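So you can see what is in the structure, the chains are spelled out below.
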Amino acid sequence: MRKKIVAGNWKMNLGYEEGVSLFSEIVNMVRDEKKGDQQAVICAPFIHLNSLVQLGNSIVAIGAQNCHQNESGAYTGEISAKMISSVGAEYVIVGHSERRQYFSEDNQLLAAKTVVALENGLTPIFCIGETLDERNNGSYFDVLKTQLEEGIFNVSTGQFSKLVIAYEPVWAIGTGLTATSEQAQEVHAFIRQQIAAKYDAAVAENTTILYGGSCNPKNAADLFAQPDIDGGLIGGASLKSRDFVDIVKTFNS
Ligand code: PGA
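Residues numbered from 1 in each chain as written. Predicted model: local features only at pLDDT ≥ 70, side-chain atom pairs only at ≥ 80, totals over all residues. Heavy atoms only, no water.

1. Observations regarding the overall build of the protein chain
- Looking only at helices and strands, one finds twelve helices and eight strands in the protein chain.
- Compactness check: the protein chain gives a C-alpha radius of gyration of 17 Å against a globular reference of 18 Å for 253 residues, within 12% of the reference.
- For the protein chain, the C-alpha atoms occupy an extent of roughly 45 × 45 × 35 Å along the three principal directions.
- Taken over 253 residues, the protein chain has a buried fraction of 53%.
- Per element, the accessible surface of the protein chain, about 10,900 Å² overall, is 50% carbon and sulfur. (Helix = DSSP H or I, 4+ residues; strand = E, 2+ residues; numbered from the N terminus. Rg over C-alpha atoms; globule rule 2.2 N^0.38 Å. Buried < 20%, exposed > 50% of the residue type's maximum accessible area, 1.4 Å probe, protein only. Areas by Shrake-Rupley, 256 points an atom, 1.4 Å probe, with all protein chains shown as cover.)

Shown next as structure tokens:
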């Protein structure tokens, strides 16, 4: 049985006290209300990682939103996977569309980040997704296939089994335009087929594939009921404890 995960992505939001306060609320609610074995994760800005781990990573796991592609060295202002892992964080988002778009991160760079994250014991949440143009002109399967092939299909089977994929259509991120559950399921099934073709059916069956893009407490149930959708990567709604925990609770029944 593959792992069900609901991961929040706080993006560049929340000062120190605000982060501690929101995370404390989330931990308390998850502790009291979560019924299943789904994993809740919060991917926070770097300044929060250490304190959030101390506050409750046995209940809600902690992740970063990016890491550098090298182990260490003279890269002023950067944070390595090893440093993230050293505070007890377990996850790192790699290849979010905002990183691809605003920081020109391409598949080759993201492949290097994925490897360094895995080598340092982190679970990469590797994001792929097409733009609105790519959806409308019908090239989205090709785009997604290339993102998979160049981004993560170079790792060994053993390493692959440790990573998580997030399908986030760029046109659905922060726009309020969610993919329909049929559109998302179609792509998730396609991703699983690609994994089966590259690795094998068992690896594909065991890979957790999250949906992201305007996911909220109202649409999560429909999305997560799809056979190939194993949870969500949640942006805006993860900044509200009630909304985020309600999405986590989608897996309660
Ligand atoms: P959103 O963001 O839920 O605000 O659309 C999702 C994401 O960017 O991970």
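The discussion continues.
2. Digging into the site of the ligand
- Around the ligand, a shell composed of 13 residues is seen, among which K11, H96, E168, G174 and S214 lie nearest.
- Within the side chain of E168, a nitrogen or oxygen atom sits 2.7 Å from an oxygen atom of the ligand.
- Here G235 contributes a backbone N or O atom positioned 2.9 Å from an oxygen atom of the ligand.
- Isolated, the ligand exposes 280 Å² of accessible area, and the fraction of that covered by the protein chains is 95%.
- Counted by class, the shell around the ligand contains four nonpolar, seven polar and two charged residues. (Near = heavy atom within 4 Å. Polar contact = N/O pair within 3.5 Å; in protein donor to acceptor, adjacent residues only side chain to side chain. Nonpolar A, V, L, I, M, F, W, Y, C, P; charged D, E, K, R; others polar.)

3. A closer look at the pairing of strand β5 (residues 123-128)
- In terms of burial, β5 is largely enclosed, as six of its six residues are buried.
- Along β5, one buried face is formed by T123, I125 and C127 and the opposite face, lined by P124, F126 and I128, is buried too.
- Where strand β4 (residues 91-94) meets β5, four bridges bridge the pair, whose relative direction is parallel. If you follow Y91 over to β5, its bridge partner there is T123.
- Where β5 meets strand β6 (residues 164-167), four bridges bridge the pair, whose relative direction is parallel. Within the sheet, the bridge partner assigned to I125 lies in β6 and is V164. (Pairing = 2+ DSSP bridges.)

4. Focus on helix α5 (residues 107-119)
- Between the first and last C-alpha of α5 there are 18 Å, a value that for 13 residues agrees with the 18 Å anticipated at 1.5 Å per step.
- Those residues of α5 not exposed but buried are N107, L110, A111, K113, T114, V116, A117 and L118.
- Turning to α5, the residues buried within the fold contact α3 (81-86), β4, α4 (97-102), β5, α7 (140-151) and α8 (157-160).
- Positioned one or two residues after α5, G121 has a phi angle of 80 degrees, which is positive. (Expected span 1.5 Å × (residues − 1). Contact = heavy atoms within 4.5 Å.)

5. Some words on the sheet that holds β4
- If you walk around this closed barrel you meet the eight strands as β1-β2-β3-β4-β5-β6-β7-β8, and the pairing is parallel. Going across the sheet, the axis of each strand differs from the next one's by a mean of 25 degrees, ignoring polarity.
- When strand β1 (residues 5-9) meets strand β2 (residues 39-43), the two strands line up parallel, connected through five bridges. Within the sheet, the bridge partner assigned to G8 lies in β2 and is I42.
- Lying over the sheet, α5 contacts β4 and β5, oriented at roughly 160 degrees with respect to β5.
- Lying on the sheet, α7 is in contact with β5 and β6; it crosses β5 at an angle near 150 degrees. (Axes fitted to C-alpha atoms, helices over the stretch in contact; angles between N-to-C directions.)

6. Quick notes on the environment of N219
- Within the secondary structure, N219 sits in the loop between β7 (209-212) and α11 (220-224).
- The class for N219 is buried, based on a relative accessible area of 16%.
- Contact partners of N219, with chain neighbours within four places excluded, come to T178 and S214.

7. A few points about the packing of α7 against helix α9 (residues 181-198)
- Look at α7 against α9: their axes get within 11 Å of each other, and the N-to-C directions meet at 45 degrees. Put simply, α7 runs oblique to α9. For α7 against α9, the interelement crossing comes out right-handed. Residues Y140, F141, L144, K145 and L148 of α7 form the contact with α9, whose participating residues are E186, V187, F190, I191 and Q194.
- Residues of the contact of α7 with α9, tallied by class, amount to seven nonpolar, one polar and two charged. (Parallel < 35°, antiparallel > 145°, perpendicular 65-115°, else oblique. Left-handed = near helix turned anticlockwise from the far one by under 90°.)

8. Remarks on helix α12 (residues 241-248)
- Of the positions making up α12, those classed as buried are S241, F244, V245, I247 and V248. The buried residues of α12 occupy one face: seen down the axis, they fall within an arc of 155 degrees.
- For α12, the secondary structure elements touched by its buried residues are β1, α1 (16-33), β2, α11 and β8 (231-234). (Arc of directions from axis to C-beta.)

9. Brief notes about the state of the cysteines
- By the definition in use, this model includes zero disulfides.
- A disulfide-free cysteine, C43 has its sulfur positioned 8.9 Å from the sulfur of C127, the nearest such atom.
- By relative accessible area, C127 is classed as buried at 2%. (Disulfide = S-S within 2.5 Å.)

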